[in-house]
Amino acid sequence: QVQLVESGGGLVQPGGSLKLSCAASENIFNFNSMRWYRQAPGKERDFVASINVGGRTDYADSGKGRFTISRDGAKNTVYLQMTSLTPDDTAVYYCYANILSSRQYWGQGTQVTVSS
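Quick notes on the rules
- Residues numbered from 1 in each chain as written.
- Predicted model: local features only at pLDDT ≥ 70, side-chain atom pairs only at ≥ 80, totals over all residues.
- Heavy atoms only, no water.
- Helix = DSSP H or I, 4+ residues; strand = E, 2+ residues; numbered from the N terminus.
- Rg over C-alpha atoms; globule rule 2.2 N^0.38 Å.
- Buried < 20%, exposed > 50% of the residue type's maximum accessible area, 1.4 Å probe, protein only.
- Contact = heavy atoms within 4.5 Å.
- Areas by Shrake-Rupley, 256 points an atom, 1.4 Å probe, with all protein chains shown as cover.
- Lys, Arg positive; Asp, Glu negative; His and termini not counted.
- Charge placed at Lys NZ, Arg CZ, Asp CG, Glu CD.
- Salt bridge = Lys/Arg side-chain N within 4 Å of Asp/Glu carboxyl O.
- Pairing = 2+ DSSP bridges.
- Axes fitted to C-alpha atoms, helices over the stretch in contact; angles between N-to-C directions.
- Core = buried A, V, L, I, M, F, W, Y, C linked by side-chain atoms within 4.5 Å.

Draft legend 1. Structural view of the overall build of the protein. Summing up its helical and strand segments, the protein has zero helices and eleven strands in all. N-terminal to C-terminal, the α/β element order of the protein is β-β-β-β-β-β-β-β-β-β-β. Relative to its length of 116 residues, the protein is compact, with a C-alpha radius of gyration of 13 Å against a globular reference of 13 Å. In the protein, which comprises 116 residues, the share counted as buried stands at 42%. Long-range contacts, defined here as pairs at least 24 residues apart, represent 53% of the contacts in the protein between residues at least 6 apart. Only carbon and sulfur atoms are counted for the fraction: they give 45% of the accessible area of the protein, which is about 6,100 Å². Charged side chains of the protein number 11 positive and 9 negative; the gap between the two group centres comes to 4 Å.

Draft legend 2. Summary view of the pattern of salt bridges. For the structure shown, the criterion picks out four salt bridges. Notably, a salt bridge pairs K64 with D61, separated by 3.1 Å at the nearest N-O pair. The pair K64 / D61 is uniform in exposure class, with both members exposed. A salt bridge links R66 to D89, with the nearest nitrogen and oxygen atoms 2.9 Å apart. Here R66, found in the loop between β6 (57-59) and β7 (67-72), pairs with D89, found in the loop between β8 (77-82) and β9 (91-99); they are 23 residues apart in sequence, far enough to count as distant. As far as burial versus exposure is concerned, R66 and D89 are alike and both buried. When salt bridges that share partners are traced, they join R38, R66 and D89 into one network.

Draft legend 3. Spatial organisation of the sheet that holds β8. Read across the sheet, four strands follow the order β1-β3-β8-β7 without closing on themselves; strand pairing throughout is antiparallel. Looking along the sheet, the strands with just one partner apiece sit at the ends: β1 (4-7) and β7. In this sheet, neighbouring strand axes are inclined to one another by 15° on average, regardless of whether the strands run parallel or antiparallel.

Draft legend 4. Local environment of the nonpolar core. One finds L4, F31, M34, W36, L80, M82 and Y93 to be the most contacted residues of the largest nonpolar core, which totals 27 residues. Every element with two or more residues in this core is listed here: β3 (18-24), β4 (33-39), β5 (46-52), β7, β8, β9 and β11 (110-114). Not counting chain neighbours up to four residues away, the residues in contact with M34 comprise L4, C22, I28, A49, S50, I51, I69, V78, C95, Y96 and A97.

Shown next, in the form of structure tokens:
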């Protein structure tokens, strides 16, 4: 069974930065893509960023220019570097991985709170 474990969340002031990690239980290049989503209280889960097996990245408009997704194959880990954070970024952030649509996996989430 594939496991994804997020870490790095916490409380940060507006304008601050956080780097989230998603550690996978197997080679991350087994997956077609790995992604970050987020879900604020009472709202639907929204796409944040993705990286595919070839290294192509995509970002939601909400994080474009502020967020960077990257990976370390030797550590089986995907990262999300977030800068210039605002209260609108407050959410639970989830890691996702897939092998097309036949196999999809989610982490347990890590809380990010942006507040003064």
